[in-house]
Amino acid sequence: MQTLEIKAAKREAFGKKESKAVRAAGQVPCVIYGEGETIHFSVDEKVLKPLIYTPNSYIVEFDIDGRKEKGVMREVQYHPVKDNVLHIDFYRVIPGKPVAIDIPVKLTGNSEGVKQGGKLILSKRKIRVNGTIENLPDELTVDVTTLGLGKSIFVGDLKFDNLDLLTPATTAVCAVRMTRAARGAADAAAKAQ
């Protein structure tokens with residue numbers, strides 16, 4: 001899995017007033033927790049853009065005033081009007097211990113249903129998996145070559161080595177829907193017979 005390195009500064013003061021002062025300085029208040037102590041820190045808002053505004057998932061390596069920490073993003077709070085980042089929670093990851101993370105889905109192949117005039121629809125862009133950081137892939141590849149018209153692929157149909165799928169098995173990942181043009185052609189073919 002891809003990693004992102006971010007420099008951070010430890011915060012000693014907490015609360016609404018202190019967080020507001022941190023944000024006014026162009027920083028975002030953050031916290032990393034789990035597997036030990038909780039650390040409060042702040043990160044430059046511009047440095048977080050490649051982490052937040054992307055479909056990819058990352059393991060983040062922090063340098064918090066010289067102390068190294070690894071984590072995955074758990075929750076992001078946005079301003080309700082301006083839509084800028086107010087706060088981020090990270091969960092600490094330890095090599096060899098499993099972690100739950102959302103990984104993007106990539107569809108490959110040319111579906112049978114699309115060849116017949118259907119439209120391929122990706123319903124679930126990310127799937128939550130559980131695995132050690134050494135076994136986490138950058139993306140989950142799903143082959144849609146045999147997917148027929150009106151058929152779907154569900155999370156329960158997928159298997160990946162060294163990963164447990166946490167997204168419910170009944171969740172549809174992708175489907176081939178019949179388009180109006182394909183429906184019209186099918187009706188015309190039925191009337192011709």
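S.K.: Talk me through the sheet that holds strand β9 (residues 126-132); I want residue IDs and the actual numbers.
M.R.: Read across the sheet, four strands follow the order β10-β7-β9-β12 without closing on themselves; strand pairing throughout is mixed. Looking at the sheet topology across the chains shown, the edges are occupied by β10 (140-143) and β12 (164-165). Here strand β7 (residues 98-108) runs beside β10; their pairing, made up of four bridges, is parallel. If you follow K106 over to β10, its bridge partner there is T141.

S.K.: Got a sec to walk through the pattern of salt bridges? Specific residues and values, please.
M.R.: Across all of its chains, the model carries ten salt bridges by this definition. For K7, the salt bridge goes to D63, with nearest N and O atoms at 3.1 Å. Of the two residues, K7 is situated in strand β1 (residues 3-10) and D63 in strand β4 (residues 59-64); the sequence distance between them amounts to 56 residues. D63 sits in the buried class, given a relative accessible area of 17%. E35 is the salt-bridge partner of K97, the closest N and O atoms lying 3.1 Å from each other. In this pair, K97 is assigned in the loop between β6 (85-92) and β7 and E35 in the loop between β2 (27-33) and β3 (39-44), connecting sequence segments 62 residues apart.

S.K.: Give me the lowdown on the sheet that holds β3, citing residues and values where you can.
M.R.: Around the barrel, six strands lie side by side as β1-β3-β2-β6-β5-β4; this closed barrel has mixed pairing. Taken pair by pair, the neighbouring strands of this sheet meet at an average axis angle of 45°, ignoring direction. Relative to β3, β1 runs antiparallel, the two sharing two bridges. Looking across to β3, one finds that K10 is bridged to F41. On top of the sheet, helix α1 (residues 16-24) reaches β2, β3 and β6; it is set at about 125° to β2, its chief contact.

S.K.: Before we move on, could you go through the nonpolar core and cite the residues and values that matter?
M.R.: Ranked by internal contacts, the top residues of the largest apolar core, which has 22 residues, are I127, V129, L136 and I153. Put simply, the parts of the chain that give this core at least two residues each are β7, β9, β10 and β13 (172-178). Broken down by element, the residue count for this core peaks at four residues, all from β7. Among residues more than four places away in sequence, those in contact with L136 are M1, I59, V99, I101, I103, V129, G131 and L163. V28, C30, V43 and L51 belong to the second-largest nonpolar core, a separate cluster that totals 19 residues.

What counts, and at which threshold
- Residues numbered from 1 in each chain as written.
- Predicted model: local features only at pLDDT ≥ 70, side-chain atom pairs only at ≥ 80, totals over all residues.
- Heavy atoms only, no water.
- Pairing = 2+ DSSP bridges.
- Helix = DSSP H or I, 4+ residues; strand = E, 2+ residues; numbered from the N terminus.
- Salt bridge = Lys/Arg side-chain N within 4 Å of Asp/Glu carboxyl O.
- Buried < 20%, exposed > 50% of the residue type's maximum accessible area, 1.4 Å probe, protein only.
- Axes fitted to C-alpha atoms, helices over the stretch in contact; angles between N-to-C directions.
- Contact = heavy atoms within 4.5 Å.
- Core = buried A, V, L, I, M, F, W, Y, C linked by side-chain atoms within 4.5 Å.

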